[in-house]
Amino acid sequence: MKLKITYHEKKWVSAYLFLLPAIVILISFYIIPFIIGFMTSLYVGRGMGERFGWFHNYYWLVKDADFWNSLKVTLIFTGGFTVASGIIGLGLALLINEPKLKFVNFFKATIFVPYIIALVVIGLVWQYMLNDMFGVINYFLTSIGLKRILWLKSSSLALLSLIIIQIWYTAGFNMVLFLSGLQALPKDYYDAARVDGAGGWHQLIYITIPLLVPTIIFVVLISILNGFINVFTLAKIVTQGGPINATNVLILYIYDLGFERLNFPLANALTYITFIILALFSFIQYKLQEKTIFGLRK
Amino acid sequence: MKGKKRNISLTVISIICLVLLITSIGCAQEKFSIYWNSNHDYAVYNKIFQQFAAKYGFKIEKTTMLWPEFKTKIMTDFAGGTAPDLIEAPPYWFLNFAQLGYMEDITEKVESWPQSKDWFEAAWREVTLNGRIYGMKLHHTSMAFFYNKDYLMEAGLDPDIPPKTVREFQEACAKITKAINIPGYIFDADDQYEMSWIFTEETPYLIENDKIAINTPTNVKTLEILQDIIRNGWALTPGPGTGYQMMRRLFIQGGSAMKISGPWDVQNINKFNPGLNYGITIIPYPEETGPRSLLCGTGIAICKGGHAKEAWELMKMLTQVDIEIKATKEAGMLMPRKSWVNSPEIKGMGFPVADLAATLQYAVPATVDASILALPEISWGGKVWRKFYERIIYLAMPAKEAIQLYEEEANKLIQQRLTERK
């Protein structure tokens, strides 16, 4: 008996066959590890001596002072560089977007260059530059009569140093995002504003920024993800979480729990807490984008 | 035309089959994997690996790494069930890994091996957990005090009489920095090195009677002297993220006059600055007490689930006394056998082996109890110890306060662990 397959069934089968490789990869490398990771986080103990302990690790972390310190450090880092890098990126985009400016492509490329350099290289270079003994920054400061600054050895300055590096790294990328947002804005609003006698500042405050809100939300979300995840490389290379845990960001603490204290269940539990925090931020961003902002619906 | 096509198809299929056959023969050869430290990748060991491979028909897969990536990789391998057959690592790692259930217990093998009596007692203590042995020392070394003779001479100090006490060390730092504008001393990025200052005859161990034992007036005084040296700019301190070999390389290149290091840097000196005129002695100690030093050196151990029987044979091959002597000749390393110390070849060796061997008699496995308690965080490289080190060298926190904070935090963890075990 010959099996009859309709045209619609054929389409359905071929569509899923095309999707199959992606589904296999998604299940193997995302969904299964996600479930196994969560299951691991419910165990207590280390290595082969692990036993099921429900949410003990989560409870332990909530009581752990180092966890709250890491969360605080991560939030300060993320908040600090998101605001600064966003403002600098927007400022640069506004400058580059100036029609009379020459060598636009040269400026764009120059400002964007840090973002294409590997973070490991950036970390190493900045670590040398910020070295209090033989770093170029202190060399410059002392040569103009100022005091040496302990960039990486002081608890307060170490985190600030990481924020500065991250701003330098991401400002160019933010500029590109804002620039694409600016270039997509309709010119009619500006023409109308000029007719009404609005100056550059008023145009920026009442037209450009409100219209750029979707881009701003996107930049903020990307920055938060960068702040939570990419900071690991910087913190690991430049300060190793020190001094005195001043730069011990969440991901570095996860690494410490897993690979230094050899406690994978606890490290997994912290990973899921981080995941929940990030998911929360993404949810807020999603909701904000859905809302009507400044009278415009996204 | 059809025949030609068929011929081409046959040729292609034959080539594919041939490639598959060759690769499957290659795969059929059983693999024996080894993780080794890149700094200990000596020719003499590589020759042994080849001999071992030929004898047992293995294909050796050796991966060399530096310590920071080594630990990450091995932990990932343990979790993924892809651990190698043999690892070379610091012995306290074996104890940590053994508590996680990842290491092969070799107690019976060691006890039935007559040559094990030839080893220094301390060497076995470092790899023993609850009476069971989980590895064996490959190198048996200690922290030592390296000094640049030329700089001492230029500063008006006798290059053959290096500072013996902490006070003399402080004076030497001051003199050298003032006279030749080179930092007298260089602190290491790796807190293990500077740990040596507080392991003296009075406090040779980090933990005694289940409590931190290093909070003494003598140690506070030593730490205050070290802080004074930093405050006056007579020493260089690393930043928190400084690469772990960087400060040692700086000393080798003439960036400071004195430095704590060990035999592992002899090869680096020979490689990077063979003209360095240096001396080696025991680490300066407080006047009130006698010298002690931190026992170091790596070991070899078998991971569970691999070729345990053959790995044990390889361990024995690597630690034969003639191999040890060859490794010493090649890299200046010190070894854990009594017959190595007593061999005429070693006795006849002058500087630096003889000088390094002289420091070994003062060395104790000072931090082994932290490993036995499975508390890597309170010992060197761990977060709690690291904070203590950073409070001393970066924050210039009063030494008494810093040592007290460390003691409180570490004792709390020790008590927690002991309660868990009960």
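Each chain carries its own residue numbering, running from 1 in the written order of its sequence. Chain letters and ligand numbers both follow the written order, the letters beginning at A and the numbers at 1. Side-chain atom pairs in this predicted model are given and counted only at pLDDT of 80 or more, local residue features only at pLDDT of at least 70, and totals for whole chains, interfaces and linings cover all residues. Heavy atoms from the whole structure form the basis of all side-chain values; hydrogens and water molecules are not counted.

*Asks:* Help me out: how do you make sense of the overall build of chain A in this one?
*Replies:* Scanning chain A from terminus to terminus reveals 11 helices and 4 strands. Along the longest, intermediate and shortest principal axes, the C-alpha atoms of chain A span 75 × 70 × 35 Å. Exposure categories follow from relative accessible area, calculated using a 1.4 Å probe and restricted to protein chains: below 20% of the type maximum is buried, above 50% is exposed, and the middle band is partly exposed. Buried residues in chain A amount to 42% of all 298 residues. Should any heavy atoms of two residues lie within 4.5 Å, those residues are considered in contact. For chain A, the share of sequence-separated contacts (at least 6 apart) that also reach a separation of at least 24 residues comes to 66%. Roughly 17,000 Å² of accessible area belongs to chain A as shown, and the carbon and sulfur atoms make up 72% of that amount. By definition, any uninterrupted DSSP run of H or I lasting at least four residues is a helix, any uninterrupted run of E lasting at least two residues is a strand, and each is numbered from the N terminus. Note on areas: Shrake-Rupley, 1.4 Å probe, and residue coverage restricted to the protein chains presented here.

*Asks:* I would appreciate a short explanation of the interface of chain A and chain B in the present structure.
*Replies:* Think of interface size as the accessible area that goes away when the parts come together; that is how it is often given. Taken together, the contact between chain A and chain B spans 29 residues of the former and 32 residues of the latter. When two components associate, each loses some accessible surface as probed by a 1.4 Å sphere; the sum of these losses over both components is called the buried area. Of the roughly 2,600 Å² buried where chain A meets chain B, counting both sides, 62% is carbon and sulfur surface. Of all residues in chain A, Lys153, Ile244 and Leu262 of chain A give up the largest surface area on contact with chain B, accounting jointly for 24% of the area buried on that side. The salt bridge criterion pairs a side-chain nitrogen of Lys or Arg with a carboxyl oxygen of Asp or Glu, the two atoms within 4 Å. Note that Lys71 of chain B and Glu260 of chain A form a salt bridge whose closest N and O atoms lie 3.6 Å from each other. For the purposes of these results, a polar contact is taken to be a pair of N or O atoms within 3.5 Å, where, inside protein, one atom must be able to donate a hydrogen and its partner to accept one; residues adjacent in sequence count only when each atom of the pair is a side-chain atom. Linking chain A with chain B are 3 residue pairs in polar contact (both at pLDDT 80 or more), by the criterion used here.

*Asks:* Is there a simple way to explain the side chain of Thr247 of chain A in this structure?
*Replies:* Residues and elements named next belong to chain A. Within the secondary structure, Thr247 is located in the loop between helix H9 (200-239) and helix H10 (250-260). A polar contact is formed between the side chain of Thr247 and the side chain of Thr239, at a distance of 2.7 Å. Beyond its immediate sequence surroundings of up to four residues, Thr247 is in contact with Val73, Ala158, Leu159, Leu162, Ala235, Thr239, Gly241, Gly242 and Leu252.

*Asks:* Would you mind showing me how to read the packing of helix H8 (residues 166-180) of chain B against helix H10 (residues 217-231) of chain B here?
*Replies:* The geometry of a pair of packed helices is captured by two quantities: the angle between their axes and the separation between those axes. All names here are of chain B. Note on geometry: axes are C-alpha line fits, over the in-contact stretch for helices, and angles between N-to-C directions span 0 to 180 degrees. At a minimum axis separation of 10 Å, H8 and H10 run at an interaxial angle of 0°. By the angle between their axes, H8 is roughly parallel relative to H10. Contacts between H8 and H10 involve Val166, Arg167, Phe169, Gln170 and Cys173 from the first element and Lys221, Thr222, Ile225, Leu226, Asp228 and Ile229 from the second. As a working rule, the residues Ala, Val, Leu, Ile, Met, Phe, Trp, Tyr, Cys and Pro are called nonpolar, Asp, Glu, Lys and Arg charged, and the rest polar, with Gly in that last group. Residue classes in the contact of H8 with H10 are distributed as 6 nonpolar, 2 polar and 3 charged. Throughout this description, any angle smaller than 35 degrees is read as roughly parallel, any larger than 145 degrees as roughly antiparallel, any in the 65 to 115 degree range as roughly perpendicular, and the remainder as oblique.

*Asks:* Honestly, the environment of Leu94 of chain A in this entry has me stumped. Any pointers?
*Replies:* All names here are of chain A. Relative to the assigned elements, Leu94 resides in helix H3 (residues 65-96). Separated by 33 residues in the primary sequence, Leu94 and Leu61 place their C-alpha atoms 44 Å from one another. If we ignore the near neighbours within four places in the chain, the residues touching Leu94 are Leu182, Leu204 and Thr208.

*Asks:* Please explain the confidence of the model for chain B as it appears in this structure.
*Replies:* Regions with low pLDDT should not have their predicted coordinates read in detail. All names here are of chain B. Per residue, pLDDT measures the predictor's confidence, with a range of 0 to 100. Overall, the prediction assigns chain B a mean pLDDT of 90, with 96% of residues at 70 or greater. Across chain B, the element-wise mean pLDDT spans from 68 in helix H1 (residues 2-28) up to 97 in strand S16 (residues 299-302). Here the prediction assigns the complex a pTM of 0.79, and the interface score ipTM is 0.73.

*Asks:* How should helix H2 (residues 56-63) of chain A be read in this particular structure?
*Replies:* Because an α-helix packs 3.6 residues into every turn, residues spaced three or four apart end up facing the same way. All names here are of chain A. If you check which residues of H2 are buried, you get Asn57, Tyr58 and Leu61. Buried residues of H2, seen end-on, are gathered within an arc of 100° and therefore sit on one face of the element. Facing away from the buried side of H2, by more than 90 degrees, are the exposed residues Tyr59 and Lys63. Residues of H2 that are buried make contact with helix H1 (7-41), strand S1 (43-44), H3, H10 and helix H11 (264-290). Each direction from the helix axis to a C-beta atom contributes to the arc, which is the arc of those directions.

*Asks:* Is there a simple way to explain the pairing of strand S1 (residues 31-37) of chain B in this structure?
*Replies:* Successive side chains on a regular strand alternate, one facing one side of the sheet and the next facing the other. Residue and element names in this part refer to chain B. Here S1 lies mainly inside the structure; 6 of its 7 residues are buried. Any two strands with at least two DSSP bridges between them are considered paired. The pairing of S1 with strand S2 (residues 59-65) spans 7 bridges and is parallel. Paired with Tyr35 across the bridge in S2 is Thr63. With the strands aimed away from the viewer, a crossover counts as right-handed if its path from the first strand over the helix to the second runs clockwise. For the crossover from S1 across helix H2 (residues 43-56) to S2, the handedness is right-handed. Taken together, the 2 bridges between S1 and strand S3 (residues 86-89) define a ladder with parallel strand orientation. When the bridges of S3 are listed, Tyr35 appears paired with Ile87.

*Asks:* Help me understand the nonpolar core, please; the structure alone is not making it clear to me.
*Replies:* Looking at soluble globular proteins, one finds that nonpolar side chains tend to be buried together. Nonpolar cores are built from buried Ala, Val, Leu, Ile, Met, Phe, Trp, Tyr and Cys residues. Side-chain atoms within 4.5 Å join them into one set. Grouped together as the largest cluster of nonpolar side chains are 149 residues, with contacts concentrated most on Tyr45, Leu86 and Ile87 of chain B. Setting aside residues up to four positions removed in sequence, Ile87 of chain B forms contacts with Tyr35, Phe70, Ile74, Phe94, Phe97, Met103, Gly299, Ile300, Ala301 and Cys303 of chain B. By size, the runner-up hydrophobic cluster in this structure holds 22 residues, among which are Phe77, Leu119, Trp126 and Val238 of chain A.

*Asks:* It is not clear to me how the sheet that holds strand S17 (residues 363-364) of chain B should be interpreted in this structure. Could you clarify?
*Replies:* Whenever strands of a sheet pair, they do so through backbone hydrogen bonds, lying parallel or antiparallel. All names here are of chain B. Reading across the sheet, the 3 strands line up as S7-S15-S17 and stay open at both edges, with mixed pairing between neighbours. Since the sheet does not close on itself, it has two edges, and those belong to strand S7 (141-142) and S17, each with one partner. The sheet contact formed by strand S15 (residues 293-296) and S17 spans 2 bridges and is parallel. Residue pairing across strands places Ser293 opposite Ala363, the latter belonging to S17.

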